[in-house]
Amino acid sequence: MAEAMQERRTDYGPPHYEQFLPPIIKENYGKWKYHEVLKPGVMVHVSETDAKLYTVRAASGRLISIDKIRMFCDLADKYCDGYFRFTSRHNVEFLLSKQDNIEPLIADLAKIGHPIGGIGNAITSIVHTQGWVHCHSAATDASGLVKCVMDDLFEYFVETKLPGKLRIALACCLNMCGAVHCSDIAILGVHRRPPRVDHSTLRKMCEIPNVVASCPTAAVRPATVDGNPSVEVLEENCMFCANCYTVCPSMPLNDPLNDGVSIWIGGKVSNARHEPMFSKLAIPFIPNNPPRWPEVTTAIRNLVELWANNARKYERMGEWINRIGWPKFFKMSGIEFQKEHIDDFKHAGLTFKRSTHLTF
Amino acid sequence: MADNLPNTPMLDELEKGKWPSFVKEIKMAAKHGPMAADLLGQLEQSYNEKIGHWKHGGIVGVMGYGGGVIGRYSDLPQKFPNISHFHTMRINQPAGWFYTTKALRSICDIWEKRGSGLTNMHGSTGDIILLGTTTDQLEPTFTDLQGIDFDIGGSGSDLRTPSCCCGMARCEWACYDTMALTYDLTMHYQDELHRPAFPYKFKFKMSGCPNDCVASIARADMSIIGTWRDEIQVDQDAVREYADRGLDIQSDVISNCPSKCMEWDGKELHIDNSFCVRCMHCINVMPKALRPGKDRGATILIGSKAPIIEGAFLSSVLFPFIKIEPPYDMIKDTVDKMWDVWCEEGKNRERIGEFIQRVGLGNFLDAIEIDPVPEMVAHPRENPYVFYEEYYEED
């Protein structure tokens, strides 16, 4: 054992990226001059050395099997000398030095069910979280809802007919491990029932001061229940952040009757034209309706088309709404403006309308 | 397909449609062992009941590491015994997510032997996610990974696996070498990455230009975003070519310029670079004609995060411009000072952005010995309640 421990390596870090770069990239690293989109899902980067690198971007679910990875490897061996990459939004990208290989590769990708697209004025793959597939705090599923939304918006992935880019992200609870809060459209799972305290396990599993301190609205207080130390929840102070549940398993919020989905719009991370923006609440709540979530896919299609039909060229969702104003957006979308749309947490006042700049 | 699959009418609906189906992926993985089939069964039950069936976390890991493995247990272990343990391993991805098929096939072989055969390519933080294995397979999986030189990534209150855009490898807009910096910081901070000792998580994200393809300004505690400080490189012939081919330079480019620093007289594009805010729009629209300047580096911003718990933040400027060159001492010195203050004074589960809001950016700057500059704020304070620390007294 002692010997084995001595041999055991730790902290050696990831393999160096250089060994994974195709020769054409090594030769032209830092020398790329410009790029052109040749057709949806295909672009070429041209180097100062006149070398040309073709990229074919294909859709991929974030959840993939080793069988699929091997299929991608087979295609990369056949067309790309054994190299390929993934993007920050779960797409798979094949890097070709021979233009003639583009169409055969696309045909082979179609055979295994992977369309190409997602470049330019398109909707690309949805960044998302684990959902019911692998998470304890999910208020909705992630992979399934993403599949339904992208099935419905498929035409906008494979074509470039939108005014600008549209980025959709999904997080299945407010923890937002997918950090969806700056997306053109964010789908966010929400809980709406305060935690139900399991007094029989709390004392064993949780540190009461930590649980109390975890609540941003002081809704969790120490309490003695049946002679045992535990906590109580002031339900009217709960805003369903689930931070208490994260620190204490005895405070579950998951509840089929009250969990569901909210839709947020108009965020962006790019600095192009306007500064980065947070997404704002459009639809406070839609119940979970698996396996196809038709109410969610319809709501999102309506938002996409409203923007597509009214925005100016290059205008992102948030830029368009900032130009026309939120009252007009609500009128055009037919979405009812409700109390939930008005912020009531810290710094809420900064979001109130503080001028007479109004349209009628 | 495996023949051991449970009856899943709800999930089977999600095999239909044109978008790639994760249900097909789970079914493919089911031929490598019983885990994926049980996962399918439990997920079908979640679809019927509209609730997840995973227990809350659990502390598991590999020897010598405090993070990188997410413990996961089914709350229906009798019904789905093959996923009673279903832990996730986060594997530190190579910078830029470039692979050889040889390396990926090796990972697949390990995961066929040791786990469910399911992965995420990639997780939100950027890691390769190996989805689902049992506690007794964690250490053997790590041993196998050592054999192919892949190491574990971060989780919990530690440095999370740094990630970056493809940078100079495949982008003409990269204003610094994102992949080199990512690799260097990852190697330099291996201890912080593998042994959680912070108040909460800390993320670095490297984007090569202000388009910010890895969303670093929204989700990194330190966002390192490439920029330039000299003049946009203009090829006037190429600009005219865009115009000749039908681009309306006035409406598509000039009127979208946020700083109104450009003019087009039908022949030449004039840019007053002293007012350009480096937004990238004109360069995005005319990549053959315009390029970022030659004096390149990065803006460093700090403090972004998702809502938990004080609300969502975007990162704000710390250094308006610095050169990004090895050995990156200025970044490392700053990071070390930031971590010292935050680790000493930060509260449990307080991100550094929240910490800065609590103590005040001015005080935080004092503590890390950086002078305030106007680029750090959208505008000076509006509220007159200034916390002066000293006053004069008559002798």
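Everything below is about the structure shown above.
Residues numbered from 1 in each chain as written. Chains lettered and ligands numbered in written order. Predicted model: local features only at pLDDT ≥ 70, side-chain atom pairs only at ≥ 80, totals over all residues. Heavy atoms only, no water.

> Explain the overall build of chain A here, please?
Within chain A, the regular secondary structure consists of 12 helices and 12 strands. Expressed along its principal axes, the backbone C-alpha trace of chain A runs to roughly 80 × 75 × 35 Å. Across the 360 residues of chain A, 59% fall into the buried class. Long-range pairs, those at least 24 residues apart, make up 64% of the contacts in chain A between residues at least 6 apart in sequence. (Helix = DSSP H or I, 4+ residues; strand = E, 2+ residues; numbered from the N terminus. Buried < 20%, exposed > 50% of the residue type's maximum accessible area, 1.4 Å probe, protein only. Contact = heavy atoms within 4.5 Å.)

> Explain helix α4 (residues 102-111) of chain A here, please?
For an α-helix, the turn length of 3.6 residues means that residues three or four places apart are oriented alike. Residue and element names in this part refer to chain A. Buried residues of α4: I102, L105, I106, D108 and L109, and no others. One side of α4 carries all its buried residues, which in axial view fall inside an arc of 165°. In this structure, α4 carries A110 and K111 as exposed residues pointing more than 90 degrees from its buried face. Buried positions along α4 lie against β1 (32-39), β2 (42-47), β3 (52-58), α3 (66-79) and β6 (92-96). Looking one or two residues past α4, G113 carries a phi angle of roughly 85°, positive in sign. (Arc of directions from axis to C-beta.)

> Even after reading the chapter, I still don't get the sheet that holds β2 of chain A, so can you show me in this structure?
Backbone hydrogen bonds hold the strands of a sheet together, and the pairing may be parallel or antiparallel. Across the sheet, six strands lie side by side as β1(A)-β2(A)-β3(A)-β6(A)-β5(A)-β3(B); this open sheet has antiparallel pairing. Of all the strands in the sheet, the pair left with one neighbour each is β1 of chain A together with β3 (98-100) of chain B. In this sheet, adjacent strand axes meet at a mean angle of 30° when their direction is disregarded. Strand direction decides the pairing type here: strand β5 (residues 83-86) of chain A and β6 of chain A, joined by three bridges, are antiparallel. Along β6 of chain A, the bridge assignment pairs F84 of chain A with F94 of chain A. Running over the sheet, α4 of chain A touches β1, β2, β3 and β6 of chain A and is turned about 15° from β3 of chain A. Helix α4 (residues 101-114) of chain B contacts β5 of chain A together with β3 of chain B of the sheet and is inclined by roughly 80° relative to β3 of chain B. (Pairing = 2+ DSSP bridges. Axes fitted to C-alpha atoms, helices over the stretch in contact; angles between N-to-C directions.)

> Looking at this structure, I do not really get the state of the cysteines. What am I missing?
Put plainly, two cysteines are in a disulfide when a covalent bond ties their sulfur atoms together. Residue and element names in this part refer to chain A. Evaluation of the coordinates by the stated rule reveals one disulfide over all chains. One disulfide bridge connects C206 with C248, the sulfur atoms lying 2.1 Å from each other. Given an S-S torsion of about 75°, the disulfide between C206 and C248 has right-handed geometry. Here C248 lies in the loop between α9 (243-247) and β11 (260-265) and C206 lies in the loop between α7 (199-205) and α8 (208-214), a separation of 42 residues in the sequence. For C206, a relative accessible area of 9% corresponds to the buried category. Looking at C248, the relative accessible area reads 0%, which means it is buried. (Disulfide = S-S within 2.5 Å.)

> When you look at the environment of W339 of chain B in this model, what are you seeing that I'm missing?
All names here are of chain B. Secondary-structure assignment places W339 in helix α12 (residues 329-345). For the pair W339 and I352, spaced 13 residues apart in sequence, the C-alpha to C-alpha distance is 8.6 Å. Beyond its immediate stretch of four places on either side in the chain, W339 contacts L159, Y189, E192, F198, F202, F204 and E344.

> Explain unusual backbone geometry to me, please; I cannot follow it from the model alone.
Across the chain, the bulk of peptide bonds are trans and the bulk of non-glycine residues have phi less than zero. The omega torsion across P290 of chain A and P291 of chain A is 10°, close enough to zero to call that bond cis. Here P291 of chain A shows up in the loop between β12 (280-287) and α10 (294-310). Phi is positive for D81 of chain A, close to 55°, though the residue is something other than glycine. Tracing the backbone shows D81 of chain A in the loop between α3 and β5. Of note in this structure, R278 of chain B is not a glycine but carries a positive phi near 55°.

> Would you explain the side chain of H53 of chain B in this entry?
Residues and elements named next belong to chain B. If you trace the backbone, H53 turns up in the loop between α3 (35-49) and β1 (69-70). On the basis of relative accessible area, H53 is assigned to the buried category, the value being 8%. At 2.6 Å, the side chain of H53 and the side chain of E49 are in polar contact. Beyond its immediate sequence surroundings of up to four residues, H53 is in contact with Q42, Q45, S46, Y73, S74, D75 and L76. (Polar contact = N/O pair within 3.5 Å; in protein donor to acceptor, adjacent residues only side chain to side chain.)

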